[in-house]
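# Observations on the three-dimensional arrangement
Listed below, chain by chain, are the residues.
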Amino acid sequence: MTSPALDPLRLHVAHFAADALQAQGDWAIAELPRLADSECPVDDGSPLKAKVDAPRGPSRAAGDLTRRVRWRAVGSTRPVGGEHQIWLHLQADADVILQCQRCLRPLDEAVHVDRHFRFVADEETAAALDDEIEDEVLALPKTLNLRDLVEDEMLLALPLVPRHEVCPEVIPMQFGDVEEVEEKANPFASLALLRKDKDGDGGPDIV
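In this report, the structure presented in the accompanying data block is examined. Because the structure is a prediction, the values reported are computed rather than measured. (Residues numbered from 1 in each chain as written. Predicted model: local features only at pLDDT ≥ 70, side-chain atom pairs only at ≥ 80, totals over all residues. Heavy atoms only, no water.)

A word on the overall build of the chain. Secondary structure assignment for the chain yields seven helices and five strands. In the chain, the order of α-helices and β-strands from amino to carboxyl end is α-β-α-α-β-β-β-α-β-α-α-α. Counting all 207 residues of the chain, 42% fall into the buried class. Considering only residue pairs separated by 6 or more positions, the chain has 68% of its internal contacts joining residues 24 or more positions apart. (Helix = DSSP H or I, 4+ residues; strand = E, 2+ residues; numbered from the N terminus. Buried < 20%, exposed > 50% of the residue type's maximum accessible area, 1.4 Å probe, protein only. Contact = heavy atoms within 4.5 Å.)

Here it is in structure tokens:
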């Protein structure tokens, strides 16, 4: 069931899971500053040689509250070895506007997250289990900021090097430009390469 009293920015995970609650909603991409900053600048599209020393313009989400990140969270417990394990199933999706690293034009990208998190007593237990099982294991926080967790997961779900399948227009490049384009690979997505073979990635900010 869904409780209208739930605060997604200060979610009591243990209670949420014990009562098998669920919550859903949406946030503007502009409300997730790191995700917004990952988007293509508004003035994107000029040739690479004119953009090398130019400051990065505002993100597409800077003043746009219409494009949203939609999310849903479901809590549950699972009895294992006489104890009840705390679980959270998180889903999120959004359409973000990235910069194609081949033609430097805007690229529409549908980003989807579908992750299961298991919560344990402390960081030491989480670290030990994370090496042994495929599930994502986190230390149980006092409260969980779902918006931060959603943002973490969306960042890690971004493509490593955004590219059109077929670019609408290819910018003529000078020697050395290709290397510079490749260096703009998404730093958050590259972290996913260091993880085990899982459905997704992420980690919350806790208070």
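Picking up where we left off.
Before going further, it helps to examine the pairing of strand β3 (residues 83-99). Burial analysis of β3 places 12 of its 17 residues in the buried class, the great majority of the element. In this sheet, β3 lies alongside strand β2 (residues 68-80) in antiparallel orientation, the contact comprising 11 bridges. Of the residues in β3, the one forming a bridge with Val 80 is Glu 83. Pairing analysis gives 14 bridges linking β3 to strand β4 (residues 106-120), with the strands arranged antiparallel. (Pairing = 2+ DSSP bridges.)

Looking now at the pattern of salt bridges. Evaluation of the coordinates by the stated rule reveals eight salt bridges. Glu 31 is paired through a salt bridge with Arg 147; the nearest N and O atoms lie 3.8 Å apart. Placement of the pair is Glu 31 in the loop between β1 (22-28) and α2 (33-37) and Arg 147 in helix α5 (residues 146-157), with a sequence separation of 116 residues. Overall, Arg 147 belongs to the partly exposed group, its relative accessible area being 22%. Linking Arg 34 and Glu 151 is a salt bridge whose minimum nitrogen-to-oxygen distance equals 3.1 Å. Here the residue Arg 34 occupies a position in helix α2, and Glu 151 occupies one in helix α5, the gap between them amounting to 117 residues. Taken together, the shared-partner salt bridges connect Arg 34, Glu 151 and Asp 152 into one network. (Salt bridge = Lys/Arg side-chain N within 4 Å of Asp/Glu carboxyl O.)

Further remarks concern the environment of Asp 95. Locating Asp 95 in the fold gives a position in strand β3. Between the C-alpha atom of Asp 95 and that of Asp 108, which follows or precedes it by 13 residues, the distance is 6.7 Å. In this structure, Asp 95 is in contact with Ile 29, Arg 67, Arg 70, Glu 109 and Ala 110, ignoring residues within four places of it in sequence.

Now for the packing of aromatic side chains. Summed over the entire model, instances satisfying the criterion amount to one aromatic pair. Relative to Trp 71, the ring of Trp 27 has its centre 4.9 Å away and its plane inclined at 15°; by these criteria the two rings are stacked. One end of the pair, Trp 27, is in strand β1; the other, Trp 71, is in strand β2, and 44 residues separate them in sequence. The residues Trp 27 and Trp 71 share a single accessibility class, namely buried. The positively charged end of Arg 78 is found above the aromatic ring belonging to Trp 87, 3.7 Å away from the centroid. (Phe/Tyr/Trp six-rings, centres within 6.5 Å; stacked < 30°, edge-to-face > 60°. Lys NZ or Arg CZ within 6 Å of the ring centre and 35° of its normal.)

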